[in-house]
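Survey of secondary and tertiary structure
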Amino acid sequence: PLYRRALAIREKALPPNHPDVAAAKGNIAALYLAQGKLEQAYGILKELKSSTGLGRYHLLKGDWRAAQEQFRQALEYFRKTRESAPLLASYIGLGLSLEGLGQPQEAADSFQRAVERMEEQRAALTPAARTHFLDGEVGASFKRILAYEGLVRVKGKLSDPAGAFFWSEHTK
């Protein structure tokens, strides 16, 4: 109800194409995804043309190919804009979709790109701030830890136990 009220206030005060209206709709879609109300989320995400949101929707539906397509589109866009959070979410989502498609090396490459960027961010933090860094979200409801967990899984599938162990220990 609060997200709906926030949307109603924004729709009353702002033009329909205002970014704050889109953000309020995106919040509602994210809530629907979290609640498992996938079809309700889909309508909003389609209207917003949210590649990362649609990718997340397809991941939850188990449609790896459609998810891969959405995350590749998102990556193409966010590489140009260099927006950090959606770029990281796109790499993580692409890694998850490639893992679902049975392409562990390509998934590892995508997870690795996300991890490299996150490690740059983490290195700039104080020790206290690093403590909960991996618990945070990067967008599309993806926690940072997912990229590291993905590397552990796919390194295992690639018969690289040392790599899997390294990444499992690196999250501490």
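Whatever comes next refers back to the structure up there.
Residues numbered from 1 in each chain as written. Predicted model: local features only at pLDDT ≥ 70, side-chain atom pairs only at ≥ 80, totals over all residues. Heavy atoms only, no water.

Some remarks on the environment of glutamine 70
Positionally, glutamine 70 belongs in helix α5 (residues 64-81). On a C-alpha basis, the gap between glutamine 70 and leucine 54 in space is 6.5 Å, while along the polypeptide they are 16 residues apart. (Helix = DSSP H or I, 4+ residues; strand = E, 2+ residues; numbered from the N terminus.)

Re helix α7 (residues 104-123)
With 20 residues, α7 extends 27 Å from end C-alpha to end C-alpha; this agrees with the ideal 28 Å at 1.5 Å per step. Within the sequence span of α7, burial applies to Ala107, Ala108, Ser110, Phe111, Ala114, Val115, Met118 and Arg122. Along the long axis of α7, the arc covered by the buried residues comes to 165°, so they all point the same way. Seen from the buried face of α7, the exposed residues on the opposite side, beyond 90 degrees, are Glu120 and Ala123. (Expected span 1.5 Å × (residues − 1). Buried < 20%, exposed > 50% of the residue type's maximum accessible area, 1.4 Å probe, protein only. Arc of directions from axis to C-beta.)

Digging into a positive patch on the surface
Side chains of Arg72, Arg79, Arg82, Arg113 and Arg117 sit close together on the surface and give a patch of like positive charge. Listed by contribution, the elements that provide at least two residues to the positive patch are α5 and α7. Following the sequence through the fold, arginine 72 ends up in helix α5. On the accessibility criterion, arginine 72 (42% relative accessible area) is partly exposed. (Patch = residues over 30% accessible without salt bridge, like charges linked within 9 Å, V, L, I, M, F, W, Y side chains within 5 Å. Areas by Shrake-Rupley, 256 points an atom, 1.4 Å probe, with all protein chains shown as cover. Salt bridge = Lys/Arg side-chain N within 4 Å of Asp/Glu carboxyl O. Lys, Arg positive; Asp, Glu negative; His and termini not counted. Charge placed at Lys NZ, Arg CZ, Asp CG, Glu CD.)

With respect to the packing of aromatic side chains
Any two aromatic rings considered together are summarised by their centre-to-centre distance and by the angle between their planes. A complete count under the given rule lists five aromatic pairs for this structure. With a centroid separation of 4.7 Å and an interplanar angle of 40°, the aromatic rings of tyrosine 42 and tyrosine 57 are classed as tilted. Taken as a pair, tyrosine 42 in helix α3 (residues 38-48) and tyrosine 57 in helix α4 (residues 51-61) lie far apart in primary sequence, 15 residues in all. Each residue in the set Tyr148, Phe166 and Trp167 is aromatic and connected to the rest through ring pairs, giving one cluster. Between arginine 144 and the ring centre of phenylalanine 133, over which it is positioned, the NZ or CZ distance is 4.1 Å. (Phe/Tyr/Trp six-rings, centres within 6.5 Å; stacked < 30°, edge-to-face > 60°. Lys NZ or Arg CZ within 6 Å of the ring centre and 35° of its normal.)

Looking at the nonpolar core
Counting 30 residues, the largest nonpolar core has Met118 and Phe142 as the members making the most contacts within it. Elements supplying a minimum of two residues to this core: α5, α6 (84-100), α7 and α9 (145-157). No other element matches α6, which puts eight residues into this core. Counting 13 residues, the second largest nonpolar core, distinct from the first, contains Leu7, Tyr32, Leu38 and Ile44. (Core = buried A, V, L, I, M, F, W, Y, C linked by side-chain atoms within 4.5 Å.)

Points about the packing of α3 against α4
The geometry of a pair of packed helices is captured by two quantities: the angle between their axes and the separation between those axes. Axis separation between α3 and α4 bottoms out at 9 Å; the angle between their running directions is 155°. One element, α3, and the other, α4, form an angle in the roughly antiparallel class. α4 is crossed by α3, and the crossing has left-handed handedness. Residue-level inspection shows Leu38, Glu39, Tyr42, Leu45 and Lys46 of α3 in contact with α4, the latter providing Gly53, Leu54, Tyr57, Leu60 and Lys61. Residues that form the contact of α3 with α4 fall into these classes: six nonpolar, one polar and three charged. (Axes fitted to C-alpha atoms, helices over the stretch in contact; angles between N-to-C directions. Parallel < 35°, antiparallel > 145°, perpendicular 65-115°, else oblique. Left-handed = near helix turned anticlockwise from the far one by under 90°. Contact = heavy atoms within 4.5 Å. Nonpolar A, V, L, I, M, F, W, Y, C, P; charged D, E, K, R; others polar.)

Section: α6
Between its terminal C-alpha atoms α6 stretches 24 Å, which fits the 24 Å expected from 17 residues at 1.5 Å a residue. Most of α6 sits inside the fold, with 14 of its 17 residues counted as buried. In the segment just after α6, glycine 102 is the residue with positive phi, at about 75°.

Digging into the pattern of salt bridges
What the rule picks out here adds up to six salt bridges. Linking glutamate 39 and lysine 61 is a salt bridge whose minimum nitrogen-to-oxygen distance equals 3.1 Å. Residue glutamate 39 is located in helix α3, and its partner lysine 61 is located in helix α4; the two are separated by 22 residues in the primary sequence. The residue glutamate 99 makes a salt bridge to lysine 157 at a minimum N-O spacing of 3.3 Å. Residue glutamate 99 is located in helix α6, and its partner lysine 157 is located in helix α9; the two are separated by 58 residues in the primary sequence. Via salt bridges that share partners, Glu99, Arg153 and Lys157 belong to a single interconnected network.

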